[in-house]
Amino acid sequence: MTATIPGTLTGEMLIAGTPVRGAGTEIRAFNPASGETLEPAYRHGDATHVDTACAAAAEAFAAYRSTTSEQRAQFLEAIAINIEAITDDLIARAVAESGLPQARITGEVGRTTGQLRLFASVLREGSWNGARIDTALPDRSPLPRPDLRQRYIPLGPVAVFSASNFPLAFSVAGGDTASALASGCPVVVKAHDAHPGTSELVARAITDAVATSGLPAGTFSLLFGSGPELGIALVTDPRIKAVGFTGSRSGGLALVAAAAARPEPIPVYAEMSSINPVFLLDGALNSRGAELGTAFVGSLTMGSGQFCTNPGLVIAVDGPGLDSFVAAAAEALAASPATPMLTPTISRNYTSGVESLSQEAELIVRGQAGSETCGQAALFTTDAASFLASDALQAEVFGASSLIVRCTDADDLRAVADGIEGQLTVTVHADESDLDAAAKLLPVLELKAGRILFGGWPTGVEVSHAMVHGGPFPATSDSRTTSVGSRAIERFLRPVCYQNVPTSLLPSAIADGNPDKLWRRIDGQLRQD
């Protein structure tokens, strides 16, 4: 069965402003909720298209990086305005391609435009420049100090790989693209095959903003293609200087390996794998175990469990409070309907992951069954010793599946905390009586995750200045960074020191008189003069 979704779709890639039809494998979007395939057909690009896009990006780089912060801020805002102008068509297409509810996609439109405007504000505020000045000390003994000034400059063209689970916010105009464009880097996006129509609509919004902003056409390109072929060709192109990726551990590590093997290795900022442990401390369990169990299932099953911050692991000391939690969670999960997963492949992988878990842990309950493209939720349990002895129990199962680890005592719980891999998030539920135990646990958790939550649930990532969406390996390939929040811009910048450069040649961020009115660290002190 075939359906057509409103919107101006041509089935083409957009390379430096030019529509181009690929000649490779034909792909069509698939509606997992209805089982329909969607028009139009798209075709994968090849190494020739990668070469064209990267050449255009490299040619655009000099002019684009020379734009002012205000020019780039207005460009990002123009993209946001263009996306908002096609909201109805965009929501219709994204809902059809993902099977996600309209409310979720509507929120994603707002998050996507919000990220663009956040980085516009970052550009205008100016601290991203990292401006530092150590004034000359010609009379210093035994040696004089030269005039030293530092600022950040963009790395160069960036390759961005769209995610499957966020067709907008982690996709063509998502956080990686927004932060790279803000830094002054042209972007070449590899679209995800699961949502080609959504990708084309957003790419056209960006391409129009490039043109109306008077920027070089190579500032942005959109490609379709397979990861092992086009993706590796993109990462290994010598004109690409950094990579942003959100996806599987295997996919991320393949790109990291390819980038490291280049004659000039480049950074790959890959968000890959996380099971986001939740620690339930005794006081919280004993006072509200059942309430926590019900709320946990709400987070677990949200979006069919297809969030990178899904709570896939629960850790607690055995006792009546945990029994109450498990009973409430089992009741809520048994009533949870099976909901569409993003693609048939993701659905099959989820089913396989649940089957693997069932070989290692005890099944507590399954949610309601559905069609083969729907994910049937699952809840398992094991003991601490078994968990620590099995690498398989730490493997991410992308979907609404979670494992409860029953510990015998606080030492057991601490051992599990010590033994977990790097994570995007760790959540702690604690009452006042648990704060001493939480204080002992917190230093361990700081070494395990990029974000530590007390109360609430990890699904939902605020786009803000303080947010960290990253974490130790294997959550990401570089634990020093974040892919969400204003600090994401730092991934695509590098510092340059200017020593005794003539005043007339100094960039405005570090020029005398502070023409950009920035806060700058002058002789070690933050000042705005």
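Residues numbered from 1 in each chain as written. Predicted model: local features only at pLDDT ≥ 70, side-chain atom pairs only at ≥ 80, totals over all residues. Heavy atoms only, no water.

Caption draft 1: Examining the environment of Cys 185 more closely. Tracing the sequence through the fold places Cys 185 in the loop between helix 5 (175–183) and strand 9 (187–190). Spatially, the C-alpha atoms of Cys 185 and Tyr 64 are 7.3 Å apart, while their sequence positions differ by 121 residues. If we skip the residues at most four places from it in the chain, Cys 185 touches Tyr 64, Pro 154, Leu 155, Gly 156, Val 158, Ala 180 and Phe 492. (Helix = DSSP H or I, 4+ residues; strand = E, 2+ residues; numbered from the N terminus. Contact = heavy atoms within 4.5 Å.)

Caption draft 2: Region of interest: the layout of surface pockets. Roughly 340 Å³ of volume is contained in the second largest pocket. The wall of the second largest pocket is formed by 21 residues, among which Thr 67, Ser 69, Asn 129, Arg 151 and Ser 508 lie closest to the centre. At the level of elements, helix 2 (69–85), helix 4 (102–125) and strand 7 (148–154) are the ones that each hand at least two residues to the lining of the second largest pocket. The dominant element in the lining of the second largest pocket, judged by the number of residues it contributes, is strand 7, at 4 residues. Taken together, the residues that form the lining of the second largest pocket break down as 8 nonpolar, 8 polar and 5 charged. (1 Å grid on protein atoms, 1.4 Å probe; cavity = no way out; pocket = protein on both sides within 12 Å on 5 of 7 lines; lining within 4 Å. Points joined across faces, edges and corners; volume = space filled by probe spheres on them. Nonpolar A, V, L, I, M, F, W, Y, C, P; charged D, E, K, R; others polar.)

Caption draft 3: View of empty space enclosed by the protein. This model, assessed by the stated rule, comprises 3 cavities of 30 Å³ or more. Considered as a void within the structure, the largest cavity measures approximately 140 Å³ in volume. Along the walls of the largest cavity sit 17 residues, with Ile 275, Gly 312, Glu 396, Val 397 and Ser 401 positioned nearest its centre. Looking at the lining of the largest cavity element by element, the count peaks at 3 residues for strand 19 (residues 401–407). Class assignment of the residues belonging to the lining of the largest cavity gives a composition of 9 nonpolar, 7 polar and 1 charged.

Caption draft 4: Seen up close, the packing of aromatic side chains. All told, the structure shown has 8 aromatic pairs when counted by the stated rule. Here Phe 166 and Phe 170 contribute two aromatic rings whose centre-to-centre distance is 5.2 Å and whose plane-to-plane angle is 55°, an arrangement assigned as tilted. Taking the relative accessible area as the measure of exposure, Phe 166 reaches 6% and is therefore buried. Judged by its relative accessible area of 10%, Phe 170 falls in the buried class. Measuring from ring centre to ring centre gives 5.9 Å for Tyr 269 and Phe 492, while their planes differ by 85°; the resulting arrangement is edge-to-face. In this pair, Tyr 269 sits in strand 12 (residues 268–271) while Phe 492 sits in the loop between strand 21 (449–454) and strand 22 (493–499), placing the two residues 223 residues apart along the sequence. As far as the burial class goes, Tyr 269 and Phe 492 line up, both buried. Taken together through their ring pairs, the aromatic side chains of Phe 166, Phe 170 and Phe 307 make up a single cluster. Against the face of Phe 166 rests Arg 104, its NZ or CZ located 4.5 Å from the ring centre. (Phe/Tyr/Trp six-rings, centres within 6.5 Å; stacked < 30°, edge-to-face > 60°. Buried < 20%, exposed > 50% of the residue type's maximum accessible area, 1.4 Å probe, protein only. Lys NZ or Arg CZ within 6 Å of the ring centre and 35° of its normal.)

Caption draft 5: Up close: the state of the cysteines. Tallied over the full model, the rule gives 0 disulfides. With no disulfide of its own, Cys 54 has Cys 185 as its nearest cysteine by sulfur position, at a separation of 13 Å. (Disulfide = S-S within 2.5 Å.)

Caption draft 6: Structural context of unusual backbone geometry. The omega torsion of the bond from Glu 39 to Pro 40 falls at 0°, within 30 degrees of zero and hence cis. Here the bond from Phe 473 into Pro 474 is cis, since omega is 10°, no more than 30 degrees from zero. Mapped onto the fold, Pro 474 is located in the loop between strand 21 and strand 22. Here the phi dihedral of Asn 500 falls at roughly 55°; this positive angle occurs in a residue that is not glycine.

Caption draft 7: View of the pairing of strand 10 (residues 220–223). Both faces of strand 10 are covered, namely the face carrying Phe 220 and Leu 222 and the face carrying Ser 221 and Leu 223. Sheet topology places strand 2 (residues 13–15) next to strand 10; 2 bridges connect them, and they run antiparallel. Bridge assignment links Ile 15 to a residue of strand 10, and that residue is Ser 221. As defined by bridge partners, strand 9 adjoins strand 10 across 4 bridges and the pair is classed as parallel. Note on strand 10: the bridge partner recorded for Lys 190 is Leu 223. For the crossover that starts at strand 9, traverses helix 6 (residues 196–212) and ends in the parallel strand 10, the hand is right-handed. (Pairing = 2+ DSSP bridges. Right-handed = clockwise from strand over helix to strand, strands pointing away.)

Caption draft 8: Local environment of the sheet that holds strand 14 (residues 313–317). Taking strand neighbours across the sheet as the criterion, the 7 strands line up as 16-18-19-14-13-20-21 in an open arrangement whose pairing is mixed. Here the strands that pair on one side only, and so sit at the sheet edges, are strand 16 (362–366) and strand 21. Averaged over all adjacent pairs, the angle separating strand axes in this sheet is 20°, with direction ignored. By the bridge criterion, 5 bridges tie strand 20 (residues 423–429) to strand 21 in an arrangement that is parallel. (Axes fitted to C-alpha atoms, helices over the stretch in contact; angles between N-to-C directions.)

Caption draft 9: View of the side chain of Glu 108. Relative to the elements of secondary structure, Glu 108 occurs in helix 4. With sequence-adjacent residues up to four places away left out, Glu 108 is seen in contact with Asn 165, Phe 166, Pro 167, Leu 168 and Ala 169.

Caption draft 10: Focus on helix 13 (residues 410–419). Within helix 13, the full set of buried residues consists of Asp 412, Leu 413, Val 416 and Ala 417. Along helix 13, the residues classed as buried sweep out an arc of 140° about the axis, all on the same side. The elements touched by buried residues of helix 13 are strand 13 (277–280), strand 14, helix 12 (384–388), strand 19 and helix 14 (435–446). The opening residue of helix 13 is Asp 409, an N-cap whose side-chain oxygen sits 3.2 Å from the backbone nitrogen of Asp 411. (Arc of directions from axis to C-beta. Polar contact = N/O pair within 3.5 Å; in protein donor to acceptor, adjacent residues only side chain to side chain.)

Caption draft 11: Seen up close, the sheet that holds strand 2. Strand order across the open sheet formed by 7 strands is 3-2-10-9-8-11-12, with mixed pairing between neighbours. On the outer flanks of this sheet lie strand 3 (18–20) and strand 12, each paired with one strand and no other. Neighbour to neighbour, the strand axes of the sheet diverge by 20° on average, direction disregarded. The sheet contacts of helix 7 (residues 227–236) involve strand 8 (158–161), strand 9, strand 10 and strand 11 (242–246), and relative to strand 9 the element is tilted by about 170°.

By themselves, these observations are geometric and do not establish any function.
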